[in-house]
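Chain and residue survey
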Amino acid sequence: MQNFGMFMLWFWLSYAIVTIIGILHTVFNIYVLKMSPMDEKSMGEGYERTKPWHPLYNIILFTIFGWLYMRSLPVPHFKEALITGAIWAGICVLFDVFGWVIIKHPWSLSFKEFYIDYQPWISLIYLAILLGLIIGYLIL
């Protein structure tokens, strides 16, 4: 990690924007497309229909922000992209446990719902984050 400040800036911006896009997509489905909202039994059709799009949001945004991070380095290397991608994916795994499972809020899920029932999407999201840094490096 050659530049910790930029490393964290680009990671958190990407994570926040991906999360906001996912929420806005769900809201759009519910209010514009009239899909069912969350209830006591499920997250609702409005959310469920966004799941296949989540890896796409992540690969696009983490590629852009990965490219911005790699571009900020004095000497970018493939190894740096690989390590950064793995660390960013790891941070997401840990942060997601707290933000979507442990801390209770209206959209929180159980561990099973988030890491088992959300398959294959959650695994593809973490893979997209890793690949986003690599692709960002490759397009330098």
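Notes on the structure follow.

A separate point is a nonpolar patch on the surface. Taken together, the side chains of Val27, Phe28, Tyr31, Val32 and Leu33 present a nonpolar region at the surface, about 500 Å² in accessible area. Among the secondary structure elements, Phe28 is positioned in helix H1 (residues 4-31). The class for Phe28 is partly exposed, based on a relative accessible area of 42%.

Let us look at the pattern of salt bridges. Counted by the stated rule, this structure contains three salt bridges. The partner of Lys112 in a salt bridge is Asp117, and the shortest N-O contact between them spans 2.9 Å. Relative accessible area serves as the criterion here: at 39%, Asp117 is assigned to the partly exposed category.

The next thing to look at is the layout of surface pockets. Any space left empty among the atoms is revealed by the rolling of a water-sized probe across them. By volume, the largest pocket is sized at about 200 Å³. Surrounding the largest pocket, 15 residues form its lining, Ser42, Met43, Glu48, Leu109 and Glu113 being those nearest its centre.

With that out of the way, let us pick up the packing of helix H3 (residues 54-72) against helix H6 (residues 121-138). One way to put it is that H3 packs onto H6 with a least axis distance of 7 Å and a crossing angle of 30 degrees. Classed by the angle they form, the pair H3 and H6 counts as roughly parallel. Every pair of crossing elements has a handedness; the one defined by H3 and H6 is right-handed. Taking contact as the criterion, the partners of His54, Pro55, Asn58, Ile59, Phe62, Thr63, Gly66, Trp67, Tyr69 and Met70 in H3 are, on H6, Trp121, Leu124, Ile125, Ala128, Ile129, Leu131, Gly132, Leu133, Ile135, Gly136 and Tyr137. Of the residues assigned to the contact of H3 with H6, the class counts are 15 nonpolar, six polar and no charged.

Its location among the elements puts His25 in helix H1. Take His25: its relative accessible area is 19%, and that puts it in the buried class.

A few words on unusual backbone geometry. Omega for the bond connecting Gln119 with Pro120 falls within 30 degrees of zero, at 5 degrees, which places this linkage in the cis form. For Lys34, which is not a glycine, the phi torsion comes out positive at approximately 60 degrees. Residue Lys34 is classed as exposed on the basis of its relative accessible area of 65%.

Calculation rules
Residues numbered from 1 in each chain as written. Predicted model: local features only at pLDDT ≥ 70, side-chain atom pairs only at ≥ 80, totals over all residues. Heavy atoms only, no water. Patch = residues over 30% accessible without salt bridge, like charges linked within 9 Å, V, L, I, M, F, W, Y side chains within 5 Å. Areas by Shrake-Rupley, 256 points an atom, 1.4 Å probe, with all protein chains shown as cover. Salt bridge = Lys/Arg side-chain N within 4 Å of Asp/Glu carboxyl O. Helix = DSSP H or I, 4+ residues; strand = E, 2+ residues; numbered from the N terminus. Buried < 20%, exposed > 50% of the residue type's maximum accessible area, 1.4 Å probe, protein only. 1 Å grid on protein atoms, 1.4 Å probe; cavity = no way out; pocket = protein on both sides within 12 Å on 5 of 7 lines; lining within 4 Å. Points joined across faces, edges and corners; volume = space filled by probe spheres on them. Axes fitted to C-alpha atoms, helices over the stretch in contact; angles between N-to-C directions. Parallel < 35°, antiparallel > 145°, perpendicular 65-115°, else oblique. Left-handed = near helix turned anticlockwise from the far one by under 90°. Contact = heavy atoms within 4.5 Å. Nonpolar A, V, L, I, M, F, W, Y, C, P; charged D, E, K, R; others polar.

Note that every value here comes from positions in space, so none of it alone points to a role or purpose.
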